[in-house]
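Spelled out from the first residue to the last, the chains are:
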Amino acid sequence: MRKFASEDSERTQQENLIEVQSLFDISEQSAQEFLYIIKQSYAAMTFNNRMATQKMLCSKSLYIDDREAIYELLNILDDIKEANLVRQYQLANLATSHLGAQQRNVSREFKQWIEMLKPEQTYYKFDHAVLYAQSEQDVEIVVSRACRFLASN
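Cut-off values and rules
- Residues numbered from 1 in each chain as written.
- Predicted model: local features only at pLDDT ≥ 70, side-chain atom pairs only at ≥ 80, totals over all residues.
- Heavy atoms only, no water.
- Disulfide = S-S within 2.5 Å.
- Helix = DSSP H or I, 4+ residues; strand = E, 2+ residues; numbered from the N terminus.
- Expected span 1.5 Å × (residues − 1).
- Buried < 20%, exposed > 50% of the residue type's maximum accessible area, 1.4 Å probe, protein only.
- Axes fitted to C-alpha atoms, helices over the stretch in contact; angles between N-to-C directions.
- Parallel < 35°, antiparallel > 145°, perpendicular 65-115°, else oblique.
- Left-handed = near helix turned anticlockwise from the far one by under 90°.
- Contact = heavy atoms within 4.5 Å.
- Nonpolar A, V, L, I, M, F, W, Y, C, P; charged D, E, K, R; others polar.

Student: Residues and numbers for the state of the cysteines, please.
Tutor: Evaluated as defined, the whole model comprises one disulfide. The partner cysteine of C58 in its disulfide is C147, sulfur to sulfur 1.9 Å. Around the S-S axis, the bridge from C58 to C147 shows a dihedral of about -85° and counts as left-handed. Placement of C58 in helix α3 (residues 28-58) and of C147 in helix α7 (residues 139-152) is noted, with a sequence separation of 89 residues between them.

Right, dumping it as structure tokens:
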């Protein structure tokens, strides 16, 4: 999603459009609609992830001064983000079902494309307590930085 949601340059946008047209054998109009769907899904996912992070880690009313509880919140937050990704994928898949010529269901091809990409992707499920025990980082400092970043954006 990040790749197709990128608007780095007009050239990138044109390359994405051509890639989508070629990938799904759809018209330029349908490819533009597909990219719009992906951009909207990515924006919604990013927004929802930020809101969950802010509510769980940065809320003064939920301030937690217990490292183990912070680790557990980080683990839960990872699960929420994964569920959010799955939800956005499902919504994008549903939205693509009307694209394509002769009522061809592009969502099937979208699913196949995602399945093809999966071996290239790596998903890590962290146990944050173990992760921070092995690192030199202080979880409270990392969370504080993340909250400051979210507050400034």
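Alright, that's what it looks like, and here's the rest.
Student: I'd like a rundown of helix α4 (residues 67-96), residues and numbers included.
Tutor: Taking 1.5 Å of rise per residue, 30 residues should cover 44 Å, and α4 covers 43 Å from first to last C-alpha, within 8% of that figure. Restricting attention to buried positions, one finds in α4 the residues I70, Y71, L73, L74, N75, L77, D78, N84, Q88, A92, N93 and T96.

Student: Residues and numbers for helix α2 (residues 10-24), please.
Tutor: When the terminal C-alpha atoms of α2 are compared, their 21 Å separation across 15 residues agrees well with the 21 Å that a helix rising 1.5 Å per residue should span. Downstream of α2 by one or two residues, D25 has phi in the positive range, about 50°.

Student: With reference to specific residues and values, describe the packing of α2 against α3.
Tutor: Helix-helix packing: each pair is described by the crossing angle between the helix axes and the interaxial distance. At a minimum axis distance of 9 Å, the contact between α2 and α3 shows a crossing angle of 110°. Regarding the angle of α2 to α3, the classification is roughly perpendicular. Both α2 and α3 take part in a crossing whose hand is right-handed. Residues N16, L17, V20, Q21 and F24 of α2 form the contact with α3, whose own contacting residues are E28, A31, Q32, F34 and L35. Among the residues making up the contact of α2 with α3, the classes are represented as six nonpolar, three polar and one charged.

Student: Which residues make up the environment of A92, and what values do they have?
Tutor: Within the element layout of this structure, A92 appears in helix α4. A C-alpha to C-alpha distance of 10.0 Å links A92 and M1, two positions 91 residues apart in sequence. Excluding anything up to four places from it in sequence, A92 contacts I37, I38, S41 and F110.

Student: Please give an account of the packing of α3 against α7 that cites residues and values.
Tutor: Where α3 meets α7, the closest approach of the two axes is 10 Å, and the angle between their N-to-C directions is 130°. When the interaxial angle is binned, α3 and α7 end up oblique. The chirality of how α3 crosses α7 is left-handed. On α7, the residues that touch R50, T53, Q54, L57 and C58 of α3 are V143, C147, F149, L150 and A151. For the contact of α3 with α7, the per-class residue count stands at seven nonpolar, two polar and one charged.

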